[in-house]
Amino acid sequence: MDEKKERTLTEKIVNLCLRRGILSPNSEIYGTFAGFYDFGPVGVELKRNVEASWWKTFVHMREDIVGIDGAIITHPAVWKASGHVDAFNDPLVVCTRCKKRFRADHLIEGALHINVDGMSLDHINEIVSSVKVVCPDCHGILAMEKPFNLMFKTHVGAVEDEASVAFLRPETAQLIFINFKAVQQFSRKKLPFGIAQIGKVFRNEISPRNFVFRCREFNQMEIEYFIHPAEMNDCPYLSEVSDDLLQLCTEKMQLEGKNEEIITMSVKQAVNEKIIGTTWHAYWIARFLRWFTEIGISSENLRVRQHIKDELSHYSSETWDIEYKYPWGWKELMGIANRGDFDLIQHAQHSGKDLSYFDQEKGERVVPYVIEPSAGLERLIFTILLDSYYEKSEKDEIKTVLKLNPTIAPVKVGVFPLMKKDGLKEKAREVYEMLNNYFVCEYDDAGSIGKRYARADEIGTPFAVTIDYQTLQDSTVTLRDRDSASQVRVHISELVETIRKALNLSSGGIS
Ligand SMILES: [Zn+2]
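Residues numbered from 1 in each chain as written. Predicted model: local features only at pLDDT ≥ 70, side-chain atom pairs only at ≥ 80, totals over all residues. Heavy atoms only, no water.

**Observations concerning the sheet that holds strand β27 (residues 476-481)**
Working step 1: Read from one edge to the other, the open sheet built from 5 strands follows the order β25-β24-β26-β27-β28, with strand pairing classed as mixed. At either margin of the open sheet sits one strand with a lone partner, and together these are β25 (441-443) and β28 (487-491). Here the average twist between neighbouring strands, direction ignored, is 25 degrees.
Working step 2: The pairing of strand β24 (residues 413-417) with strand β26 (residues 463-467) spans 5 bridges and is parallel. Opposite V413, over in β26, you have F463 as the bridge partner.
Working step 3: In the packing of helix α16 (residues 449-458) onto the sheet, contacts are made with β24, β26, β27 and β28, and the angle to β24 comes to roughly 170 degrees.
Working step 4: Against the sheet, helix α18 (residues 495-504) makes contact with β24, β26, β27 and β28, and its axis sits at roughly 160 degrees relative to β26, the strand it touches most. (Pairing = 2+ DSSP bridges. Helix = DSSP H or I, 4+ residues; strand = E, 2+ residues; numbered from the N terminus. Axes fitted to C-alpha atoms, helices over the stretch in contact; angles between N-to-C directions. Contact = heavy atoms within 4.5 Å.)

**Concerning helix α5 (residues 104-112)**
Working step 1: Every buried residue of α5 is accounted for by A104, D105, H106, L107, I108 and E109.
Working step 2: Tucked into the core, α5 has its buried residues touching β6 (92-95), β7 (101-103), α6 (121-130), β8 (142-144) and β18 (329-340).
Working step 3: Just beyond α5, the residue with positive phi is H113, at close to 55 degrees. (Buried < 20%, exposed > 50% of the residue type's maximum accessible area, 1.4 Å probe, protein only.)

**Considering the pattern of salt bridges**
Working step 1: In the structure shown here, the tally under the stated rule is 36 salt bridges.
Working step 2: A salt bridge links E231 to K362; the nearest nitrogen and oxygen atoms lie 2.5 Å apart. Within this pair, whereas E231 is found in the loop between β13 (217-227) and α9 (238-241), its partner K362 is found in the loop between β19 (357-359) and β20 (364-366), the two being separated by 131 residues in sequence.
Working step 3: Taking relative accessible area as the criterion, E231 reaches 22% and is therefore assigned partly exposed. (Salt bridge = Lys/Arg side-chain N within 4 Å of Asp/Glu carboxyl O.)

**Quick word on the coordination of the zinc ion**
Working step 1: Coordination of the zinc ion by the protein is provided by C95 (SG), C98 (SG), C135 (SG) and C138 (SG), with metal-donor distances spanning 2.3 to 2.4 Å.
Working step 2: If you look at the zinc ion, its 4 donor atoms make angles of 100 to 118 degrees with each other, and the shape they trace is tetrahedral.
Working step 3: For the zinc ion, all donor residues lie on one chain, and their spacing in sequence is C-x2-C-x36-C-x2-C. (Donors = N, O, S within 2.8 Å, 3.2 Å for Na, K, Ca; no water. Tetrahedral: all angles 85-135°; square planar, octahedral: opposite > 155°, others 65-115°.)

**Focus on the nonpolar core**
Working step 1: Within the largest apolar cluster, 74 residues are counted, with the highest numbers of intra-cluster contacts made by W54, W284, W291 and L380.
Working step 2: The element that contributes the greatest number of residues to this core is helix α12 (residues 279-294), accounting for 10 residues.
Working step 3: Mapped onto the domain boundaries, this core takes at least three residues apiece from domain 1 (3-88 + 150-385) and domain 2 (401-504).
Working step 4: Discounting chain neighbours no more than four positions away, the residues touching W291 are V50, S53, W54, T57, F58, M221 and L380. (Core = buried A, V, L, I, M, F, W, Y, C linked by side-chain atoms within 4.5 Å. Domains from an automatic or database assignment.)

**What about the domain arrangement of the protein?**
Working step 1: Considered domain by domain, the protein is made up of domain 1 (3-88 + 150-385) and domain 2 (401-504).
Working step 2: On a C-alpha basis, the centroid separation for the pair domain 1 and domain 2 is 38 Å.
Working step 3: Taken together, the 13 residues of domain 1 in the interface contact 11 residues of domain 2.
Working step 4: The contact between domain 1 and domain 2 buries some 1,100 Å² in all, and 65% of this surface belongs to carbon and sulfur atoms.
Working step 5: A per-residue breakdown of the area domain 1 buries against domain 2 is headed by R20, V42 and N49, which together make up 39% of the total.
Working step 6: Run the count over domain 1 and domain 2 and you get 2 salt bridges.
Working step 7: Across the pair R20 and E458 runs a salt bridge whose closest N-O atoms are separated by 3.0 Å.
Working step 8: Joining domain 1 to domain 2, the criterion identifies 6 residue pairs in polar contact (both at pLDDT 80 or more).
Working step 9: Contributions of two or more residues to the side of domain 1 that touches domain 2 are made by α1 (3-19), α2 (41-60) and α14 (377-388).
Working step 10: Taken together, the residues of the side of domain 1 that touches domain 2 break down into 7 nonpolar, 2 polar and 4 charged. (Buried area = accessible area lost by both parts, 1.4 Å probe. Polar contact = N/O pair within 3.5 Å; in protein donor to acceptor, adjacent residues only side chain to side chain. Nonpolar A, V, L, I, M, F, W, Y, C, P; charged D, E, K, R; others polar.)

**As for the pairing of strand β14 (residues 245-249)**
Working step 1: Bridge count for β14 against strand β15 (residues 263-266) is 4 bridges, and the pairing is antiparallel. Following the sheet pairing, L248 is matched in β15 by I263.
Working step 2: In this sheet, strand β16 (residues 302-306) lies alongside β14 in parallel orientation, the contact comprising 2 bridges. Note on β16: the bridge partner recorded for C249 is R305.

**A few points about unusual backbone geometry**
Working step 1: At the junction of L191 and P192, the peptide bond is cis and its omega measures out at -5 degrees in the coordinates.
Working step 2: In this fold, P192 is placed in the loop between α8 (180-187) and β12 (193-202).
Working step 3: A positive phi angle is found at F211, which is not glycine, with a value near 60 degrees.
Working step 4: Counting through the fold element by element, F211 comes out in the loop between β12 and β13.
Working step 5: Phi at K274 takes a positive value of approximately 60 degrees, unusual for a residue other than glycine.

**Topic: the packing of aromatic side chains**
Working step 1: Tallied over the entire structure, the rule returns 30 aromatic pairs.
Working step 2: For the ring pair F213 and Y326, a centre distance of 5.0 Å and an interplane angle of 75 degrees mean the geometry is edge-to-face. Placement of the pair is F213 in the loop between β12 and β13 and Y326 in strand β17 (residues 318-326), with a sequence separation of 113 residues.
Working step 3: By relative accessible area, Y326 is classed as buried at 3%.
Working step 4: With a centroid separation of 5.3 Å and an interplanar angle of 80 degrees, the aromatic rings of F213 and W328 are classed as edge-to-face. (Phe/Tyr/Trp six-rings, centres within 6.5 Å; stacked < 30°, edge-to-face > 60°.)

**Brief notes about a nonpolar patch on the surface**
Working step 1: On the surface, L418, M419, Y469 and L472 cluster together into a nonpolar patch covering about 320 Å² of accessible area.
Working step 2: Here Y469 lies in helix α17 (residues 469-474). (Patch = residues over 30% accessible without salt bridge, like charges linked within 9 Å, V, L, I, M, F, W, Y side chains within 5 Å. Areas by Shrake-Rupley, 256 points an atom, 1.4 Å probe, with all protein chains shown as cover.)

Structural data, given as structure tokens:
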């Protein structure tokens, strides 16, 4: 697809989100508040379903992972120890003529079309002073500013002074590290094991952009997976995924200028050739790729890109991003970092508490290494919408369909009477009340039946049940499948079972 068409796709998604109550800019009646969004009635269902699928897959279905839900405001010492107070900065430039401030990395990206994610401040400084990047508004000369810390500040207690400063958490990860020892003891987990968390985080982005792709308040879904340092290559689950294919963009490829290219190889090959450093890292990359396809994202739109040295965060020795092919190019959908023992050591030093783990079998004390799969929920939802959006023309009309996987669809079944009269409405209400005990249903009797199917398709409702005149005679209804628009007649007494079976099929089709 060319750039213009793709840009239109983003606009269409934003439009759909506003029109159907999926996501909308915060405080709209006051003229919006950049970088903050509210989920509407349809969006909140989608969000809860995605969260639930993540939690089920990575917490409930696994004996080696437990969950927590930490506080948003945490002792400020946490963020000192983690490095966020000193190093969680965005490079800023100021225009010497109009005095406007911009993010240096975004300006460089726009002007030179190079990837600057995670590039060091010195390097960015160098580019700004050596290359002629000018003010996008007035073409004035730009000067570097003091780096800008991304954490939101607040005060705890009645006095607003330096001593009462606290931060809204910029990531959920640190809550897991500071609770590591306690959670390990409560849950009696042995290495290797993980701690999972989903929750709000806050980053004072200078230039939030691309709808909810980069916003100031969002939800993170993170696992910190703790492993004995000597067992980083002993992942017992690797065989489950070793034949899965990865579309890779390695550090080597990027250093050769092949940033947009992909090589395809199996997980096994990537591990054997040491392209991915450890088997645990390879496993988590592959497991998340699987989950993304399980919730309906097309695998051909996903690739795995290695961070080049310059780009690695201060805590990481190796990071791979799962990237999605967005309308504006391959960009991070989630990151999977090898954080080593950085965080536990930092917190042990700053708190003076022992955060090591006693390995009873080996009779030794170790500080575990950590693999961290981390994703932003809002960005994932936007990605799901982009990936599932399609249009079909019906009688000269363009109709929008969200091909959402039934697992995450906000509404599972629409229930419609063909007409409101002759007892059809009453019968439809009866069927709706019955189905609503089992699935999230929506009753709709407004407008033509075609309009009602279209409204349901637009928010990705996989099935529609229609009550017509034949229903009154033989207690059968029509069951319509969103993707094929085909209909079958089903007896009301078999409806729950038929829908349940169809929902469980990954294809979402009616059998
Ligand atoms: Zn200017």
